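# Inside the fold
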Amino acid sequence: MDKESYGLSDKQLAELDTVFASDSFSGKRVVISGGGSGIGKAAAWLLARLGAKVLICGRSYEKLMAAIKPMQEMGLDVGCKTLDIRNPEKVQTFFDEIMDELGGLDVLINNAGGQFPQPAIDFSPNGWRAVIDNNLNGTWFMMQAAAQRWRDAEKPGNIINIVTVIDRGMPDIAHTCAARAGVIYTSKTVAVEWAQYGIRVNCIAPGIIASEGMRVYPQEAVDEFPRSNPMQRFGSSWDIAQACAYLGGDASQFMTGEVMTLDGGGRLWGELWPYKKPDYFKPS
Ligand SMILES: CCCCCCCCCCC/C=C/C(=O)SCCNC(=O)CCNC(=O)[C@H](O)C(C)(C)COP(=O)(O)OP(=O)(O)OC[C@H]1O[C@@H](n2cnc3c(N)ncnc32)[C@H](O)[C@@H]1OP(=O)(O)O
Ligand SMILES: NC(=O)C1=CN([C@@H]2O[C@H](COP(=O)(O)OP(=O)(O)OC[C@H]3O[C@@H](n4cnc5c(N)ncnc54)[C@H](OP(=O)(O)O)[C@@H]3O)[C@@H](O)[C@H]2O)C=CC1
């Protein structure tokens, strides 16, 4: 299938079934980084459909506006703001503004991120830095800024960090494996430190998801990806959105410091080198 067609349409996002009660997020205020596309957009649709007031952020204003328009036309309570999560000063200003505008915050979904595929031996210092900065530093700036405000206001909070499946590493994305390991172990640590403030912190590790994000990989690689799990298929952004609804809601209230993996069993199965394998993979 052509990778350009990956991702759910607004019509699908407006109509897909969910197991959650239609008012289960009523009164909750949710911020989703990278909500202008893919997994973040699916989570915005789902949580807004469940009654949340949602604010999405990302670097491209046009992308954010295009994402929220159909949601607003459906009467959903969704807004947007531009933000580069790598800029700690801008992140602080963003939280000052949204706390005012939303009247507080209940759930932060740190979904913004990504990487480029390259053999690690060829990473430039700047390429390495860009991926660490985007995925580890950016996510941390967001987590800390939210937690400081929850602590100061003596309000509970809930953080969900979207990472990736890193249990056995993954060839060609070593930089993101390093960054996501940092996010996972920071999350486990602050889940303990911040429990006293009523703040929960969990991660979701998606396997191969048929989102717009797949467009950064070569078509030949994308064709191979379904062979990386025993279900032999992609997951959907909706699967991850529903995991966000579980972790963002009261059903998971005793859960913190965990990583919820949705990868079709990929981490338990087979080899993980999906594309341009070394010669030793060739049958002798
Ligand atoms: C070949 C296929 C192998 C398959 C490997 C397995 C993959 C399985 C993956 C499945 C799991 C994960 C899936 C997903 O995450 S899907 C979501 C994907 N979406 C994205 O990744 C989008 C976000 N990505 C980005 O915005 C950028 O890539 C990034 C943030 C990482 C860089 O942004 P920035 O704006 O800072 O980048 P610059 O252009 O300023 O460049 C900074 C340095 O990085 C170097 N660079 C950038 N792109 C590449 C590239 N494609 N190849 C090599 N190097 C690259 C760039 O040259 C700069 O360094 P220099 O100054 O030294 O040149
Ligand atoms: N699809 C998959 O198979 C998997 C995805 N993931 C992760 O899930 C998350 C969502 O991915 P997906 O929806 O598939 O891909 P997308 O590329 O569609 O989503 C990434 C989003 O992050 C935003 N973003 C990137 N960098 C920044 C930044 N510095 N500041 C603010 N926003 C930023 C992008 O918007 P903009 O460019 O406008 O800023 C974009 O909307 C990512 O972290 C991804 O790595 C993990 C495992 C598997």
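Our structure is the block above this text.
Rules used throughout
Residues numbered from 1 in each chain as written. Chains lettered and ligands numbered in written order. Predicted model: local features only at pLDDT ≥ 70, side-chain atom pairs only at ≥ 80, totals over all residues. Heavy atoms only, no water. Buried < 20%, exposed > 50% of the residue type's maximum accessible area, 1.4 Å probe, protein only. Helix = DSSP H or I, 4+ residues; strand = E, 2+ residues; numbered from the N terminus. Pairing = 2+ DSSP bridges. Right-handed = clockwise from strand over helix to strand, strands pointing away. Axes fitted to C-alpha atoms, helices over the stretch in contact; angles between N-to-C directions. Near = heavy atom within 4 Å. Polar contact = N/O pair within 3.5 Å; in protein donor to acceptor, adjacent residues only side chain to side chain. Areas by Shrake-Rupley, 256 points an atom, 1.4 Å probe, with all protein chains shown as cover. Nonpolar A, V, L, I, M, F, W, Y, C, P; charged D, E, K, R; others polar.

All right, on to the pairing of strand β2 (residues 53-58) then. In terms of burial, β2 is a largely internal element, 5 of the 6 residues being buried. Bridge count for strand β1 (residues 29-33) against β2 is 5 bridges, and the pairing is parallel. Looking across to β2, one finds that Ser 33 is bridged to Cys 57. Running through helix α2 (residues 38-49), the crossover from β1 to the neighbouring parallel element β2 is right-handed. Sheet analysis places β2 next to strand β3 (residues 78-82), joined by 5 bridges and oriented parallel. Note that in β3 the partner of Val 54 across the bridge is Val 78.

Bringing the sheet that holds strand β6 (residues 199-206) into the picture now. Pairing is parallel in the open sheet, where 7 strands are placed in the order β3-β2-β1-β4-β5-β6-β7. Edge strands, defined here as strands with exactly one partner in the open sheet, are β3 and β7 (259-262). Neighbour to neighbour, the strand axes of the sheet diverge by 20° on average, direction disregarded. With 4 bridges joining them, β6 and β7 adopt parallel strand pairing.

With that settled, consider the site of ligand 1. For ligand 1, the set of nearby residues contains 27 residues, the closest of which are Arg 86, Gly 114, Gln 115, Ser 124 and Asn 126. Between ligand 1 and the protein, one listed contact pairs an oxygen atom with a side-chain N or O atom of Ser 124 at 2.6 Å. Its free accessible area being 1,300 Å², ligand 1 has 66% of it covered by the protein chains. Counting residues per element, the shell around ligand 1 draws most heavily on helix α5 (residues 125-153), at 5 residues. Split by residue class, the shell around ligand 1 holds 14 nonpolar, 10 polar and 3 charged.

Structural measurements only, silent on function.
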